[in-house]
Amino acid sequence: MKDLNLNAEQNSAATAPSGYNLIIASAGTGKTSTIVGRIAHLLNNGISPKEILLLTFTNKASNEMIERVSKMFGEKTAKQIESGTFHAVAYRYLKEHFKISLKQPRELKTLFKSIAERRIYTDRSSTNPYSPQYLYDIHSLYLNSQKKQTFQEWLGEKSPDQSIYLPIYEDIFDEFANLKKEYGYADYNDLLIMYKEEMEKIPSPYAEILCDEYQDTNPLQDSLINAINAKSLFCVGDYDQSIYAFNGADISIISNFTQKYPNAKVFTLKKNYRSSHYILDLANRVIQKNERIYEKSLEVVKTGNYSLPKLLSFDELFLQYQGIAKRIATSNYNFEDIAIIFRNNSSADGCEASLREMGIPSKRKGGISFFDTKEISLALDICSLLYNPKDMMAHIHTLSYGSGIGNSIAKDIYDALNNLGEGNAKKGLLLPNKSIKPYALRVKNTQLGLFDDFFALQSSARFDDFLPQDFASHPLLSHPKLTKDGAVFLGKFFALYVQTHKITSPYSLIKNIADSDFFKSIAEILCKDRSKNKDGSFDENRRREAMEKIMRKLILLADLAKHYEDIGRFLNAMILGSGEASEGSGVNLLSIHASKGLEFRDVYIIDLMDGRFPNRKLMSKGGSIEEERRLFYVATTRAKENLFLSYAKKDAIKNIDYEPSIFLYEAGMIESKNKS
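Residues numbered from 1 in each chain as written. Predicted model: local features only at pLDDT ≥ 70, side-chain atom pairs only at ≥ 80, totals over all residues. Heavy atoms only, no water.

**Let's talk about the overall build of the chain**
Then comes step 1: When helices and strands are tallied, the chain shows 29 helices and 18 strands.
Then comes step 2: Expressed along its principal axes, the backbone C-alpha trace of the chain runs to roughly 90 × 65 × 55 Å.
Then comes step 3: Put simply, the chain has 676 residues, and 51% of those count as buried.
Then comes step 4: Look at the contacts in the chain between residues 6 or more apart in sequence, and 73% of them connect residues 24 or more apart.
Then comes step 5: Surface accessibility of the chain: about 32100 Å² in total, with carbon and sulfur atoms responsible for 49%. (Helix = DSSP H or I, 4+ residues; strand = E, 2+ residues; numbered from the N terminus. Buried < 20%, exposed > 50% of the residue type's maximum accessible area, 1.4 Å probe, protein only. Contact = heavy atoms within 4.5 Å. Areas by Shrake-Rupley, 256 points an atom, 1.4 Å probe, with all protein chains shown as cover.)

Encoded structure:
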């Protein structure tokens with residue numbers, strides 16, 4: 001093992017006798033080197049590479065490990081090791097032995113829906129049956145989390161009021177399973193179930209299974225490991241970094257390892273090579289509040305004169321984001337080695353906008369970029385079509401939101417505006433030449449035969465009772481597929497255009513767009529979509545929250561616009577800058593889940609206020625303070641040298657006063673106020 005430069009603890013684990021071995025590998029303790037060392041030990045001791053199974057959380061992780069093995073044993077040997085995620089390994093085996101076609105969940109949901117919607121629920125109780133979408137999703141949860149119950153037993157316990165529909169549900173799933181079998185279709189759950197069934201039929205093909213990120217396995221994956229039944233297990237994980245409960249991960253799998261395997265050996269990697277002792281001390285102070293499943297105490301290997309973790313306190317939420325951006329701007333460090341880590345995706349919007357304002361590039365992972373959200377894209381598209389009437393895509397993107405319009409009719413409308421304005425869409429809307437036909441007659445499509453419809457123009461006055469007077473009977477309204485709702489939508493677009501087409505200030509333009517009936521009508525559509533429950537109903541509180549978030553984003557955009565006098569320059573800065581950010585350079589904006597496994601010189605953990613982090617709302621929906629504390633531990637241990645913990649005292653827009661996060665008290669950054 002000298003080639004790998006393993007320390008004594010890593011070497012002890014890597015060379016352990018065959019059997020049931022659990023390696024507790026805390027953040028920064030070199031788990032990858034230990035796993036590679038274990039594979040080297042197996043190969044050196046005569047184990048065939050074909051008898052080694054390496055299971056990882058991502059295919060990227062397995063590729064990295066196999067690449068390191070190939071440098072020691074050659075590519076031919078390394079490539080014979082079966083490696084990848086649970087799903088990748090299962091798919092390779094099934095593809096080799098069966099005719100199987102892997103389908104995305106959205107594709108199979110369409111098939112499932114077509115079966116479920118034919119059912120008639122005659123004997124209805126006071127509770128409605130599940131929608132096909134929700135039934136599909138809850139069955140997937142059952143498959144990943146159930147132990148030895150049937151779906152009927154499991155759902156009967158979870159939702160007794162649905163028991164009356166269980167025979168129909170079972171019949172739907174039977175027909176669905178038969179159809180999938182007939183066509184060879186499989187989804188991700190099917191891969192694991194089918195692979196498990198095949199492994200139970202044969203002697204184990206593997207001498208040892210190595211399982212990385214063992215704390216993130218779910219019961220279905222654990223049952224697959226049982227089915228393969230290798231004589232030796234080498235499971236590597238850290239219970240303090242188990243943060244995927246929402247995805248079915250079960251921390252009891254790692255915590256019960258020694259009960260499940262009475263002869264198991266537990267190894268602990270204690271030497272941390274990543275973080276300064278100040279950062280590690282802080283992380284440990286907080287995580288110690290969780291139950292210690294296996295004893296461990298980390299030792300710092302890194303030496304040097306490092307700074308204490310710093311608490312950043314701000315009077316207001318947006319001042320926090322601006323303050324962090326200014327601090328980064330003056331840090332003189334490589335932007336690529338700086339990360340801002342957030343618990344909630346909305347927290348990143350203000351940071352991204354503030355960094356943009358300072359001219360600092362950023363890339364975002366673990367959520368949609370502020371500039372890629374539908375509402376910000378829409379606002380910038382409206383700015384663009386007002387500034388440049390020849391921007392066809394801005395017109396199409398904007399107009400396609402109209403009821404019954406879509407991209408195809410939006411393109412017709414843009415072409416009509418150009419026709420009516422003799423090459424100028426703005427003139428075509430405001431001062432149309434009514435002697436020109438807005439829509440060209442379509443050539444009949446012979447491939448569609450009798451089903452092709454003629455493009456017969458309709459009366460442009462048929463919607464006049466519902467429209468602003470100055471838009472009534474506009475030639476645009478003669479499109480034959482335009483509905484009343486679509487016409488009303490175009491009337492609001494016209495009203496916004498009249499109101500804003502002479503504005504030259506980017507700030508005033510954004511404010512006017514945000515306040516317009518046109519923008520608000522589209523925002524309502526987005527909010528309705530974002531507040532839809534899995535069973536098809538709507539959550540009014542979520543709809544209201546979604547609208548607040550949209551309007552907040554527009555306030556942030558307007559704030560950015562203050563710094564520009566010219567709309568063209570503003571659009572260049574926003575749109576071109578957004579494109580560069582998405583290509584991936586600059587400060588890293590990461591959700592905690594997206595930050596897992598990464599490390600940075602400087603880390604800023606933002607919005608450490610009670611309610612936001614820990615996220616009390618998610619805790620009330622089945623989460624726990626222990627899970628939130630593990631998230632905090634993962635976030636802090638991404639930092640190598642400098643750690644900044646940041647919070648704000650108030651949200652001025654929502655008029656909310658904040659208390660600091662409990663984790664700031666537990667970390668000793670704020671004196672205790674008897675928090676518990």
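So that's the structure; there's more coming.
**Some remarks on the side chain of S83**
Then comes step 1: Tracing the chain through its elements places S83 in strand β3 (residues 82-84).
Then comes step 2: A relative accessible area of 13% places S83 in the buried class.
Then comes step 3: Contacts of S83, omitting those with residues within four sequence positions, involve L54, S62, I66, V89 and R92.

**A look at the packing of aromatic side chains**
Then comes step 1: Tallied over the full model, the rule gives 29 aromatic pairs.
Then comes step 2: On the numbers, 5.3 Å between centres and 65° between planes, the contact of Y142 with F151 is edge-to-face.
Then comes step 3: Of the residues examined, Y142 reaches a relative accessible area of 9% and is grouped as buried.
Then comes step 4: Here the aromatic residues F112, Y136, Y142, F151, W154, F173 and F176 are joined through ring pairs into a cluster of three or more.
Then comes step 5: Between the NZ or CZ atom of R601 and the centre of the ring of Y333, over which it lies, the distance is 3.6 Å. (Phe/Tyr/Trp six-rings, centres within 6.5 Å; stacked < 30°, edge-to-face > 60°. Lys NZ or Arg CZ within 6 Å of the ring centre and 35° of its normal.)

**A few points about helix α11 (residues 219-228)**
Then comes step 1: Across the 10 residues of α11, 9 count as buried, placing the element largely inside the fold.
Then comes step 2: All of the buried residues in α11 are P219, L220, Q221, D222, S223, L224, I225, A227 and I228.
Then comes step 3: The N-capping residue of α11, defined by a side-chain oxygen 3.0 Å from the backbone nitrogen of L220, is N218.
Then comes step 4: Once α11 finishes, N229 follows within two positions and takes phi at roughly 55°, a positive value. (Polar contact = N/O pair within 3.5 Å; in protein donor to acceptor, adjacent residues only side chain to side chain.)

**A short note on the layout of surface pockets**
Then comes step 1: The space that makes up the second largest pocket amounts to roughly 950 Å³.
Then comes step 2: Considering the residues around the second largest pocket, the lining is formed by 34 residues, among which K31, E213, K596, G597 and L598 are closest to the centre.
Then comes step 3: Mapped onto the lining of the second largest pocket, the elements with two or more residues apiece are α2 (31-44), α3 (59-73), β7 (232-237) and α26 (592-595).
Then comes step 4: For the lining of the second largest pocket, the element with the most residues is α3, which contributes 5 residues.
Then comes step 5: Classifying every residue of the lining of the second largest pocket gives 10 nonpolar, 12 polar and 12 charged. (1 Å grid on protein atoms, 1.4 Å probe; cavity = no way out; pocket = protein on both sides within 12 Å on 5 of 7 lines; lining within 4 Å. Points joined across faces, edges and corners; volume = space filled by probe spheres on them. Nonpolar A, V, L, I, M, F, W, Y, C, P; charged D, E, K, R; others polar.)

**A few points about the pattern of salt bridges**
Then comes step 1: If you walk through the whole model with that rule in mind, you get 39 salt bridges.
Then comes step 2: K649 is the partner of D315 in a salt bridge, and the nearest nitrogen-oxygen pair spans 3.9 Å. Of this pair, D315 sits in the loop between β11 (310-314) and α15 (317-329) while K649 sits in the loop between β16 (639-648) and β17 (650-651), and the two are 334 residues apart along the sequence.
Then comes step 3: Overall, the relative accessible area of 54% leaves D315 in the exposed class.
Then comes step 4: Given the relative accessible area of 39%, K649 is considered partly exposed.
Then comes step 5: Ionic pairing is found between K427 and E422, a salt bridge with its closest N-O pair at 3.4 Å.
Then comes step 6: A relative accessible area of 36% places K427 in the partly exposed class.
Then comes step 7: Judged by relative accessible area, E422 falls into the exposed class, the value being 53%.
Then comes step 8: Connected via shared salt-bridge partners are D349, E352, R364, E375, R530 and K553. (Salt bridge = Lys/Arg side-chain N within 4 Å of Asp/Glu carboxyl O.)

**Brief notes about empty space enclosed by the protein**
The probe, sized like a water molecule, is rolled over the atoms to show the empty space still left.
Then comes step 1: A complete count under the given rule lists 1 cavity of 30 Å³ or more for this structure.
Then comes step 2: Volume-wise, the largest cavity comes out at about 30 Å³.
Then comes step 3: E316, L317, F318, Y321, R552, L556, D651 and I653 together form the lining of the largest cavity.
Then comes step 4: Looking at the lining of the largest cavity, the elements that each hand over two or more residues are α15 and α24 (540-561).
Then comes step 5: Considering every element that reaches the lining of the largest cavity, the biggest residue donor is α15, with 3 residues.

**Details of the pairing of strand β15 (residues 600-605)**
Then comes step 1: Taking burial as the measure, the 6 residues of β15 include 5 buried ones, the bulk of the element.
Then comes step 2: Across 4 bridges, strand β12 (residues 338-342) lies against β15 in parallel orientation. The residue of β15 that forms the bridge with I338 is D602.
Then comes step 3: The sheet contact formed by β15 and β16 spans 5 bridges and is parallel. Directly across from V603, in β16, lies its bridge partner L643. (Pairing = 2+ DSSP bridges.)

**Details of the side chain of S460**
Then comes step 1: For S460, the position within the fold is in the loop between α20 (425-430) and α21 (484-500).
Then comes step 2: In contact with S460, other than residues within four places in its own chain, are S473, H474, P475, L477 and S478.

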